[in-house]
Amino acid sequence: MTNISTTDHTDLQPAPWLALFGEGAMSRRLFRSPTFAVGFSIVALLVLAATIGVWFSPYQPNSMDLTARLAAPGPQHWFGTDNFGRDIFTRVAVGSQMSLLVGLLVVVITGIGGALLGALAGYVRALDNIIMRVMDAFMAFPAMLLAIAITAALGPSLMNVVVALAVSYIPRTARIVRGTALVVREQQYVEAALVAGAHTRRVLLVHVLPNCLGSLIVQLTFVFAYAVLAEATLSYLGVGLPPPAPTWGNGIASGREYIVEAWWMSLFPGLAITFAVLGFNLLGDGLRDVLDPHLRAET
Amino acid sequence: MSAAASTETVAPLLSVEHLRIVAAARRREDLLVEDVSFAVHAGEFLGIVGESGCGKSMTALSMLGLLPGPNVRASGGRVLFDGQDILTMGGSSLRHLRGNDVAMIFQDPMSSLNPVQTIGEQIVETILLHEKIGRERAWARAVELLAEVNIPAAAQRARDYPHQLSGGMRQRVMIAMAIACKPRLLIADEPTTALDVTIQAQILELLDRLRRERGMAVILITHDLGVIAEYADRVLVMYSGRIVERAEVASLFAQPLHPYTHGLLGSVPPLEEEVDELVAIEGQPPSPGAWPSGCRFQPRCPQSRPECASWSVRLIESEPDHAAACILHEHGETSHAD
Amino acid sequence: MLIEGAAGPDLIRVDNLAKHFPVTRGALLRRVVGTVKAVDGVSFAIGHGRTLGLVGESGCGKSTVGRLLVRLIDPTAGSIMLDGTDISRLDGEAMFQHRRNLQFVFQDPMSSLNPRMTVEQIIAEPLVVQGAPVAEQRARVSELLALVGLAPAHRTRYPHEFSGGQRQRIGIARALATNPRFVVCDEAVSALDVSVQAQIVNLLKRLQRELGLSYLFVAHDLSVVRHMSDDVAVMYLGRIVEIGDRRRIFAAPAHPYTKALLSSVPAPRQSARREARTLLSGELPSPLNPPSGCAFHTRCPVAFARCKVERPELRSVETGQAAACHLLD
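Now for the side chain of Arg300 of chain B. Position of Arg300 of chain B among the secondary structure elements: in the loop between helix 11 (259-267) and strand 11 (316-319). Within the buried core, Arg300 of chain B has no salt-bridge partner, and the shortest N-O distance to an opposite charge, that of Glu51 of chain B, equals 4.2 Å. Separated by 3.0 Å, the side chain of Arg300 of chain B and the backbone oxygen of Gly283 of chain B make a polar contact. A polar contact of 3.0 Å, which involves the side chain of Arg300 of chain B, links it to the side chain of Ser195 of chain C.

See the structure below:
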């Protein structure tokens, strides 16, 4: 009566962390997607630039050298210097630390807030209308306007920027998690837990949330990209991290007045933003191709 | 009814010869169907029975040039309809074939129907694709077709949208669309699996009536041996991409030759008598790519012998119109040849 | 015995059970526009170690009955006696105490197992919920794996690594974790391939013999129901139209619907070329607006005037068989 399968499953044993996604050989499938591979490379490069890129530079991001003001890109200053003679390469590299830090903090807060609110709204019927109507109210404002309003009210600082961005992205994330949770709550394993007598908290934490992770992770990579862009925008508009913080947005803003004689001042921070947003978007697209069951083509 | 009797004299409507279908994944090719050969004659009711993954649906799709390429493709053999090889046909002749000669219905009619168009309009579109008649005449034809598939108050129902119909009604609409252009072969892939038994009986009766009235050949693909027993003239049993038994329906149920067919019959509890325990087949069907060598049923077979794993599998005809791909009947083959 | 209820102590006794779903329109300002009587006045009893098969077409309410019995949904009316205690109105802690005795095997071997949990976590879940110590959970999982025919090595695997039949074994192991006395099998084998279906049917029967389980076996496949059940109930539009001993129901069905249902089943037998079969015309009426009188009269081949106005009650036909039809008067 023992039923040992005739097919051999040994090659399907997934690494424990991959089991997070409930699929075998996830990493192999991920890198099979060119979109994911390119996005992953860009993001990796960015992280490298932020961590060890600074070591390649002999300059401090805020040390001024008035003899070398507005120097064009060259062997001394790879990306040139700005109107105070500060090395732009160093500032872009340090700026990527800021951008990634802001992005990461926004993603963590948005992830926790969005997942909890979304899962609650999706699973607990009584809370659905209350939570989602509040989220709708937030979503009625354009995200950027909301962020500007919050930072304007709280004052410019790293933490305030993070809070402002997280507040603008949580409603969208919550809405996506809620959508998945609505599907998960109809799954028979949720009913099985209820038959056994499981309480709402257990069902949420053990069944609903883990199965919303896929769509949450995809959404969060996009949030990361938005956050990087939004942080730069806020800096540019003067409501983000105040100068002389070497953020990309500040870099573009200070280069605006010199755009004719020193185009590199704005160009390189601008390229960095483009690069980062592109990288995270590609990463998200690649992840979605693999994680989103609606788009997944089974053979 | 007994089209099979004239098998030898009349050229078959459709003949499949050594069909082989593979699914290509990165750096490997999995066989889905191998060495499948059979013929269907005009007016015949052929049943193909097998479990999921046995290749029955892929075989059916290849008969319409509908394999989900480019990953899945026929890599060998021929599918001849009226002497023309469907596998090598180009786009326009395939479209002509699908519209005028071969039609297919599927298990889930909802996904084949356009949800924002009334069913009448959808049938009209199908008619107009293949016939040069006016819209009004086409609408009248559509209503006639709906009446022919026993949809009550056809003229009113023609104005309904798919979601307003029940599953059984939707399947009738699919059949109406399929017969709109008077095909000579209708392929039905699990057409009643999603339906209740009372509705299933109605749909199968309808298919059988249309076959008789129109002289159309029907290939019915199913996992349900009962459906085969009641409607098919001849039957193919498929397992792991191969035909393991081919027989006239009466002889298949009177004397199944292949151990797999035996097992399938034993797996269904009888409706009229009592049995204590079902004679289940151990294990489960292997997935494509994990097929054992030799006879693919051998790891689950109660009568397997060591030679089975190296046997070169082929259908052995032990009596007229009844063949099985099993080593147990090899002896019969040699004596037959003598 | 099933209807009169005079005989011995039953494990489960259901009386006049009903579940009405309100039908609502509008998203923000919801208003009730009607009621679907998914289950309406259903009564039956299931003895210790016995199986009641519940058959009918989709939408007849058979699955709702199963969900009511394990209190996945709350009944609108009626009582559910489990060993003499009415559990139909219990909730919270009081209901929790009874949950270990009531279990459920689901239809879909895919969606009934959480893809992010290992086999061990899945099977142990009822024990975790019921607060069993970890050591006991581990030991019990080992026992259960062996009981349902899975290998010990399977405990660390994930559901997607298994075939449909094996997944269903995992689902059965989970249902048996708390040593329940009553298990609802809701279409538990209908999603499986024929050859695998027979294995699971045999497994369920063996487990019943060895553990003395009682089953409510909900299915649309009549031949499987006949094989599994001691008694059979046939439902149509939320009501039981015929109930009784399996042998009687299959050999001498009394209700025209049961007769039609039985003759619709294609039998895999050589002699079974369709002859005098009663084909039902038409489809299941909308449960939102069921026919008056006997709900079956719109499709019934032998309906007469009275059927349209008066609803027939279940009445005894023979010992251990009852049907709701005016022709039986």
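Picking up after the structure, the text goes on.
Attention now goes to the interface of chain B and chain C. Listed as interface residues are 50 residues of chain B and, on the opposing side, 40 residues of chain C. Here chain B and chain C share an interface that buries about 4,000 Å² over both sides, 51% of which is from carbon and sulfur atoms. Between the two partners, chain B and chain C, sit zero salt bridges. Run the count over chain B and chain C and you get 14 residue pairs in polar contact (both at pLDDT 80 or more). Those elements that place two or more of their residues in the side of chain B that touches chain C are helix 7 (167-179), helix 8 (197-214), helix 9 (225-231), helix 10 (249-254) and helix 11 of chain B. If one sorts the elements of the side of chain B that touches chain C by residue count, helix 8 of chain B sits on top with eight residues. Split by residue class, the side of chain B that touches chain C holds 25 nonpolar, eleven polar and 14 charged.

Next up on the list: helix 7 (residues 188-196) of chain A. Residue and element names in this part refer to chain A. Counting buried residues along helix 7, eight of its nine residues qualify, which places the element largely inside the surrounding structure. Of the positions making up helix 7, those classed as buried are Gln188, Tyr189, Val190, Glu191, Ala192, Ala193, Val195 and Ala196. At the C-terminal side of helix 7, Gly197 shows a positive phi close to 100°.

This brings us to the sheet that holds strand 4 (residues 72-81) of chain B. Residue and element names in this part refer to chain B. Reading across from one edge, 2-1-4-5 is the order of the four strands in this open sheet, with antiparallel pairing throughout. Only two strands of the sheet have a single partner each, and these edge strands are strand 2 (28-40) and strand 5 (84-85). Pairing of strand 1 (residues 14-25) with strand 4 involves eight bridges; the strand directions are antiparallel. Each bridged residue has a counterpart across the sheet, and for Val22 the counterpart in strand 4 is Arg73.

Turning our attention to a positive patch on the surface. Positive charge collects at one region of the surface, where Arg28 and Arg32 of chain A together with Arg26 and Arg27 of chain B lie side by side. Note on placement: Arg27 of chain B falls in the loop between strand 1 and strand 2. Residue class for Arg27 of chain B comes out exposed when judged on its relative accessible area of 82%.

Once that is clear, we can look at the environment of Arg239 of chain C. Residue and element names in this part refer to chain C. Here Arg239 shows up in strand 10 (residues 239-245). It is 16 Å that separates the C-alpha atoms of Arg239 and Leu69, two residues lying 170 residues apart in sequence. Ignoring any residue separated from it by four or fewer positions in sequence, one finds Arg239 in contact with Asp40, Val42, Val234 and Arg311.

Let's shift gears to helix 2 (residues 34-51) of chain A. Residues and elements named next belong to chain A. Here helix 2 spans 26 Å end to end across 18 residues, near enough to the 26 Å set by a 1.5 Å rise per residue. Restricting attention to buried positions, one finds in helix 2 the residues Phe36, Gly39, Ile42, Val43, Leu46 and Ala50. Along the axis of helix 2, the buried residues cluster in a sector spanning 135°; they form a single face.

Now for the domain arrangement of chain C. Often the size quoted for an interface is simply the accessible area lost on bringing the parts together. Residue and element names in this part refer to chain C. Partitioning chain C into structural domains gives domain 1 (10-101 + 180-328) and domain 2 (109-179). Put simply, the middle of domain 1 and the middle of domain 2, counted by C-alpha atoms, are 29 Å apart. The interface is formed by 20 residues belonging to domain 1 together with 14 residues belonging to domain 2. Buried surface at the junction of domain 1 and domain 2, both sides included, amounts to about 1,400 Å², of which 66% is carbon and sulfur. Per-residue buried area on domain 1 facing domain 2 is highest for Phe96, Arg100 and Pro180; these three make up 33% of the total on that side. Counting the contacts that link domain 1 with domain 2 gives zero salt bridges. For the pair domain 1 and domain 2, the number of links is five residue pairs in polar contact (both at pLDDT 80 or more). For the side of domain 1 that touches domain 2, the secondary structure elements donating two or more residues are helix 2 (92-99) and helix 6 (194-211).

Take the side chain of Thr51 of chain C next. Residues and elements named next belong to chain C. Mapped onto the fold, Thr51 is located in strand 3 (residues 51-55). At 2.8 Å, the side chain of Thr51 forms a polar contact with the side chain of Gln208. Residues within four places of Thr51 in sequence aside, it is in contact with Gln208, Tyr215, Phe217, Met228, Ser229, Asp230 and Asp231.

A word on the confidence of the model for chain C. Residues and elements named next belong to chain C. Mean pLDDT over chain C stands at 89; residues scoring 70 or higher make up 94%. The low-confidence segment residues 1-7 (pLDDT under 50) makes ten contacts with residues lying over four places distant or belonging to another chain. Model confidence for the complex is summarised by a pTM of 0.85, with the ipTM given as 0.88.

Attention now goes to the confidence of the model for chain A. Residue and element names in this part refer to chain A. Counting all residues, the mean pLDDT for chain A is 82, and 88% of those residues have values of 70 or more. Helix 7 holds the highest mean pLDDT among the elements of chain A, 93, whereas helix 1 (residues 26-32) holds the lowest, 72. For residues 293-299, every residue scores under 50 in pLDDT, and the model assigns this stretch six contacts once sequence neighbours within four places are set aside.

Turning our eyes to something else, we now look at the pattern of salt bridges. A full pass over the atoms with the stated rule returns 44 salt bridges over all chains. Asp82 of chain A is paired through a salt bridge with Arg86 of chain A; the nearest N and O atoms lie 2.9 Å apart. What makes Arg86 of chain A buried here is its relative accessible area of 8%. Taking the shortest distance from any N to any O, the salt bridge between Arg13 of chain C and Asp10 of chain C comes out at 2.8 Å. Residues Arg13 of chain C and Asp10 of chain C agree in their burial class; the two are buried. Where salt bridges share partners, they join Arg20, Glu34, Arg242 and Arg296 of chain B into one cluster.

Scoring rules and cut-offs
Residues numbered from 1 in each chain as written. Chains lettered and ligands numbered in written order. Predicted model: local features only at pLDDT ≥ 70, side-chain atom pairs only at ≥ 80, totals over all residues. Heavy atoms only, no water. Helix = DSSP H or I, 4+ residues; strand = E, 2+ residues; numbered from the N terminus. Buried < 20%, exposed > 50% of the residue type's maximum accessible area, 1.4 Å probe, protein only. Lys, Arg positive; Asp, Glu negative; His and termini not counted. Salt bridge = Lys/Arg side-chain N within 4 Å of Asp/Glu carboxyl O. Polar contact = N/O pair within 3.5 Å; in protein donor to acceptor, adjacent residues only side chain to side chain. Contact = heavy atoms within 4.5 Å. Buried area = accessible area lost by both parts, 1.4 Å probe. Nonpolar A, V, L, I, M, F, W, Y, C, P; charged D, E, K, R; others polar. Pairing = 2+ DSSP bridges. Patch = residues over 30% accessible without salt bridge, like charges linked within 9 Å, V, L, I, M, F, W, Y side chains within 5 Å. Areas by Shrake-Rupley, 256 points an atom, 1.4 Å probe, with all protein chains shown as cover. Charge placed at Lys NZ, Arg CZ, Asp CG, Glu CD. Expected span 1.5 Å × (residues − 1). Arc of directions from axis to C-beta. Domains from an automatic or database assignment. pLDDT = per-residue confidence, 0-100.

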